[in-house]
Amino acid sequence: MKLIYQQIIILYFIAFFQLSKYFIESFTVYTKKIDITKINCFTKWNNNRVFELEVYCLKKLKDNYNCICSKKRKHFPEIIKIYNIGNKKNIEMTNIGTSLNFLSKIERKKYKNINFDEQIECILRNLKKSGIYHADMVGYGNNMEINEEGDLGLIDFNIAFVKDKFNDLKENNNSYKESYNKHINNNYDSFKSILTNVLND
């Protein structure tokens, strides 16, 4: 009987550990799942190439990353591992915060007095250094994230423009070219205005 109780206690601790690990990872890890049998609805690109583009951008940004903020911050996710499940390619990466469009009004008040100029400059400088232009700065801020410390981050590089790379994706896609041109010509202003509008909404 004593042995049975010991086994039950051991199983309890194993279950508790696994559950704790799950909850910790749910806050620190994000997994992006890309079905390679489908086509990207915006660009009409094959999702296998979209996957390659996302991975390339994240690796390039990590390799070239240099934070110029007075307080060192992480502005981009980092890949933890890549694996396949059926038709889906999964990119497990660090979770860098909450999307701006998911912030409650109370949460937004926490950040509205922060001067984000330095962080925006840092993000744009690192993008330029890696030859990457995001090309998907949505007005309601769903591709911009922020954490409890006020670190601003940028996610979702699956329609990014990469200098001298992935040229096959850019051919004969006028809507993509317009988006890219608009983005690089108004990089700082669009970034700043989106941030200001969302936090002051």
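These notes cover the structure that comes with them. None of the values given here were measured: they were computed from a predicted structure.

1. Describing unusual backbone geometry
Step number 1: With a phi angle near 70°, Asp156 is a residue other than glycine that sits in the positive phi range.
Step number 2: Checked against the element boundaries, Asp156 lands in the loop between strand S7 (152-154) and strand S8 (161-162).
Step number 3: Assessed through its relative accessible area of 22%, Asp156 is described here as partly exposed.

2. Section: the sheet that holds strand S4 (residues 98-99)
Step number 1: Read from one edge of the open sheet, 3 strands run S4-S6-S7, paired in antiparallel fashion. A single partner strand is all that each edge strand has here, and the edge strands are S4 and S7.
Step number 2: Of the pairings in the sheet, the one linking strand S6 (residues 144-146) to S7 comprises 3 bridges and is antiparallel in character. Looking at the pairing, Glu145 lines up with Gly153 of S7.

3. Side note on empty space enclosed by the protein
Step number 1: Per the stated rule, a full pass over the model turns up 1 cavity of 30 Å³ or more.
Step number 2: Taken as a whole, the largest cavity encloses approximately 60 Å³ of empty space.
Step number 3: Residue lining of the largest cavity: Leu58, Leu61, Lys62, Tyr65, Lys74, His75, Phe76, Pro77 and Glu78, and that is the complete set.
Step number 4: Of the residues that constitute the lining of the largest cavity, the class distribution is 5 nonpolar, 1 polar and 3 charged.

4. With respect to the environment of Ile132
Step number 1: Take Ile132: it is sitting in strand S5 (residues 132-133).
Step number 2: A relative accessible area of 0% means that Ile132 is categorised as buried.
Step number 3: Separated by 29 residues in the primary sequence, Ile132 and Phe161 have C-alpha atoms spaced 5.8 Å apart.
Step number 4: Those residues in contact with Ile132, other than ones at most four positions away along the chain, are Cys57, Lys60, Leu61, Leu127, Phe157, Ala160, Phe161 and Val162.

5. So, the nonpolar core
Step number 1: Judged by nonpolar contacts, the single largest core of 37 residues is most densely connected at Leu127, Met144 and Phe157.
Step number 2: For this core, the secondary-structure elements that each account for two or more residues are helix H2 (47-64), strand S3 (88-94), helix H4 (117-129), S6, S7 and helix H7 (187-199).
Step number 3: With 7 residues, H2 is the single largest residue contributor to this core.

6. Remarks on the packing of aromatic side chains
Step number 1: Enumeration over the complete set of coordinates arrives at 3 aromatic pairs.
Step number 2: A ring pair is formed by Phe76 and Phe157, whose centres lie 6.2 Å apart and whose planes are at 55°; its orientation type is tilted. With Phe76 in the loop between H2 and strand S2 (79-85) and Phe157 in the loop between S7 and S8, the pair connects residues that are 81 residues apart, well separated along the chain.
Step number 3: Using a relative accessible area of 0% as the deciding quantity, one classes Phe157 as buried.
Step number 4: Pairwise contacts between aromatic rings join Tyr65, Phe76 and Phe157 into one cluster.

7. Looking at the pattern of salt bridges
Step number 1: Here the structure, examined in full by the defined rule, presents 8 salt bridges.
Step number 2: The salt bridge partner of Asp151 is Arg73, with a shortest N-O separation of 2.3 Å. Placement of the pair is Asp151 in the loop between S6 and S7 and Arg73 in the loop between H2 and S2, with a sequence separation of 78 residues.
Step number 3: Residue class for Arg73 comes out buried when judged on its relative accessible area of 15%.
Step number 4: For Lys74, the salt bridge identified is with Glu78, shortest N-O distance 2.9 Å.
Step number 5: A single salt-bridge network, built from bridges that share partners, covers Lys32, Glu54 and Asp156.

8. Focus on the layout of surface pockets
Step number 1: Volume-wise, the largest pocket comes out at about 280 Å³.
Step number 2: Along the wall of the largest pocket there are 16 residues; nearest its centre are Tyr30, Ser99, Asn142, Glu145 and Ile155.
Step number 3: At the level of elements, strand S1 (29-35) and S3 are the ones that each hand at least two residues to the lining of the largest pocket.
Step number 4: The residue inventory of the lining of the largest pocket, partitioned by class, reads 6 nonpolar, 6 polar and 4 charged.

Definitions and cut-offs
- Residues numbered from 1 in each chain as written.
- Predicted model: local features only at pLDDT ≥ 70, side-chain atom pairs only at ≥ 80, totals over all residues.
- Heavy atoms only, no water.
- Helix = DSSP H or I, 4+ residues; strand = E, 2+ residues; numbered from the N terminus.
- Buried < 20%, exposed > 50% of the residue type's maximum accessible area, 1.4 Å probe, protein only.
- Pairing = 2+ DSSP bridges.
- 1 Å grid on protein atoms, 1.4 Å probe; cavity = no way out; pocket = protein on both sides within 12 Å on 5 of 7 lines; lining within 4 Å.
- Points joined across faces, edges and corners; volume = space filled by probe spheres on them.
- Nonpolar A, V, L, I, M, F, W, Y, C, P; charged D, E, K, R; others polar.
- Contact = heavy atoms within 4.5 Å.
- Core = buried A, V, L, I, M, F, W, Y, C linked by side-chain atoms within 4.5 Å.
- Phe/Tyr/Trp six-rings, centres within 6.5 Å; stacked < 30°, edge-to-face > 60°.
- Salt bridge = Lys/Arg side-chain N within 4 Å of Asp/Glu carboxyl O.

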